[in-house]
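Here are the chains, one letter per residue:
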Amino acid sequence: MTLTSLRGILVGHATNRAAATGCTVILFEQGAVAGYDVGGAATGTREVDACSPGHLVERIHGLVLAGGSAFGLEAASGVMRHLERRNVGFDTGTARVPIVPSAILYDLGIGDSRVRPDAAMGARAARAASSRPVRSGCVGAGTGATVGKLFGIGRAVKSGVGNAALKMPASAGGCTVAALAAVNAFGDVRSPTGEILAGARRPGLAAGFADTAACMERGILRPGSRSTNTTLVVVATDALLNRTDASRVAGICQDGLARCVSPAHTRYDGDIVFVVSVGSRRVDADCLAVAACRAVGMAVIDAVVSATSLAGVPALRDLDVG
């Protein structure tokens, strides 16, 4: 299962493999309640205030995750125009204004840094949005994603977009929780048992991983390894949430990210989690948050397992680190 297992959610990717960048668009044409939480210090966002409790607009109509650093925020304009043509948006009385919060990651370090997601790419991803299962790997916002950049991009590992979903038992409300993660972390990605799956490498494809957290404890932090990161997460559920609960669940989901990204939430990451509600199932928000944390961790791991080598950066499947 993926985000599109939930009724009312469409997802589309636009990918430029030659330039190693792209964007991912999640559409909620009937609207969705949303909350968010920021876990890093290097975010790039647009219109995320619409996800805040107390904001006038109660529902959003789309989310955009994009590469291209701050340039990539332009992709949201194309998504807005796509939704406007479909008469989707907040009714102001004279026009319908689509509410499309957006967040970006930094992928300018690989591929062609002169090519970034723009309005045309955003519109293309929106037109491609469907209810089909969401693709994982080096697509959309994860096209240029990498992890383990303690020593710069030359010793990083390729990542991408990951997906996961789970069904809570009837005793816990029976709701579905799905997660999509574009994983472009400064740190390493670890398995549930703590093993490093992908991260900063020692020199040589077969030399193994350096262990970013352990290196940083020894004061190792190389120039040029910073400000090139960010993990973007969208969690969706058919549980009934208001914006306060959605934001609280988003904050707890940062724990799910931290369990498998080491270290997470650094000054060099713009980690952000969005939580969206598109259903009416009654469930305790804290119980939901526990399940959502697990889904986030699964999606992060899927991002590195599904990735393929691109633009000279090797993927996990191409490394001999056993």
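Small disclaimer: the values here were computed from a predicted structure and weren't measured. (Residues numbered from 1 in each chain as written. Predicted model: local features only at pLDDT ≥ 70, side-chain atom pairs only at ≥ 80, totals over all residues. Heavy atoms only, no water.)

**So, the side chain of aspartate 271**
In plain terms, the rule: Numbering of helices and strands runs from the N terminus; a helix is a DSSP stretch of H or I covering at least four residues, while a strand is a stretch of E covering at least two. A simple rule labels every residue: compare its accessible area, found with a 1.4 Å probe on the protein chains alone, to the largest value its type can have, and call it buried under 20%, exposed over 50%, or partly exposed in between. Note on charges: Lys and Arg go in the positive column, Asp and Glu in the negative column, and His and the chain ends are not counted at all. For salt bridges, the criterion is a side-chain nitrogen of Lys or Arg within 4 Å of an Asp or Glu carboxyl oxygen. Any N or O atom pair separated by 3.5 Å or less is treated as a polar contact, with the protein-specific requirement of one donor-capable and one acceptor-capable atom, and with residues adjacent in sequence counted only for side-chain atom pairs. Only heavy atoms enter the contact rule, under which two residues are in contact if any of them lie within 4.5 Å.
Secondary-structure assignment places aspartate 271 in the loop between strand 15 (261-262) and strand 16 (272-281). Despite its burial, aspartate 271 pairs with no opposite charge; the closest candidate is lysine 149, at 9.3 Å N-O. A polar atom in the side chain of aspartate 271 sits 3.0 Å from the backbone nitrogen of threonine 231. Contacts of aspartate 271, omitting those with residues within four sequence positions, involve Asp37, Val38, Gly39, Gly40, Thr43, Thr230, Thr231, Gln254, Leu257, Ala264 and His265.

**Digging into the nonpolar core**
This is how the line gets drawn: Take the buried residues of types Ala, Val, Leu, Ile, Met, Phe, Trp, Tyr and Cys, join any two whose side-chain atoms come within 4.5 Å, and each joined set is a nonpolar core.
Counting residues in hydrophobic clusters, the biggest one holds 44 residues, and the most contacted among them are Val177, Val235, Leu288 and Val300. For this core, the secondary structure elements donating two or more residues are strand 10 (161-167), strand 11 (176-184), strand 13 (196-198), strand 14 (230-239), helix 4 (243-260), strand 16 and helix 5 (285-306). A total of 12 residues in this core trace back to one element, the largest contributor, which is helix 5. When sequence neighbours within four positions are dropped, the list of residues in contact with valine 300 reads Ala181, Val183, Val189, Leu257, Cys260 and Val261. Counting residues in hydrophobic clusters, the runner-up holds 33 residues, among them Ala34, Cys51, Ala103 and Ala178.

**Points about the environment of methionine 298**
Among the structural elements, methionine 298 can be located in helix 5. Its relative accessible area of 35% is what places methionine 298 among the partly exposed residues. Separated by 150 residues in the primary sequence, methionine 298 and glycine 148 place their C-alpha atoms 18 Å from one another. Among all residues touching methionine 298, those that are not within four sequence positions of it are Ala164, Ala165 and Leu166.

**Quick word on the sheet that holds strand 13**
The condition is simple: Here the rule is simple: two strands pair whenever DSSP picks up at least two bridges between them. Axis definition: a line fitted to C-alpha atoms, limited for helices to the stretch in contact. Angles are taken between N-to-C directions and run from 0 to 180 degrees.
Sheet architecture is open: three strands sit in the order 13-12-15, paired in antiparallel fashion. With partners counted over all chains shown, the strands left at the sheet margins are strand 13 and strand 15, one partner each. The sheet strands contacting helix 5 are strand 12 (188-190), strand 13 and strand 15, and the helix crosses strand 12 at an angle near 115°.

**Some remarks on the pattern of salt bridges**
Under the counting rule described, the total for this entry stands at six salt bridges. Here aspartate 91 and arginine 96 are joined by a salt bridge, their closest N and O atoms 3.9 Å apart. Owing to a relative accessible area of 45%, aspartate 91 belongs among the partly exposed residues under this scheme. The shortest N-O distance in the salt bridge between aspartate 238 and arginine 281 comes to 3.4 Å. Within this pair, whereas aspartate 238 is found in strand 14, its partner arginine 281 is found in strand 16, the two being separated by 43 residues in sequence. With relative accessibility at 14%, the residue aspartate 238 sits in the buried group.

**A look at the packing of helix 1 (residues 75-85) against helix 2 (residues 119-128)**
To keep things clear, this is the line we draw: Angles are sorted into four bins: roughly parallel if under 35 degrees, roughly antiparallel if over 145, roughly perpendicular if 65 to 115, and oblique for all others. By the definition used in this description, the sense in which the near helix is turned from the far one sets the handedness, with an anticlockwise turn below a right angle giving left-handed and a clockwise turn giving right-handed. Throughout, the ten residues Ala, Val, Leu, Ile, Met, Phe, Trp, Tyr, Cys and Pro are labelled nonpolar, Asp, Glu, Lys and Arg are labelled charged, and all others, Gly among them, are labelled polar.
Running from N to C, helix 1 and helix 2 point in directions that differ by 45°, and their axes come no closer than 6 Å. Regarding the angle of helix 1 to helix 2, the classification is oblique. The two elements helix 1 and helix 2 meet at a crossing, and its hand is right-handed. Residues Ala75, Ser77, Gly78, Val79, Arg81 and His82 of helix 1 form the contact with helix 2, whose own contacting residues are Ala119, Gly122, Ala123, Ala126 and Arg127. Here the residues of the contact of helix 1 with helix 2 sort into five nonpolar, four polar and two charged.

**Comments concerning the pairing of strand 16**
Relative to strand 16, strand 2 (residues 21-38) runs antiparallel, the two being bridged by six bridges. For valine 33, the partnering residue across the bridge sits in strand 16 and is serine 277. The sheet contact formed by strand 14 and strand 16 spans seven bridges and is parallel. Considered in strand 16, the bridge of threonine 237 is made with serine 277.

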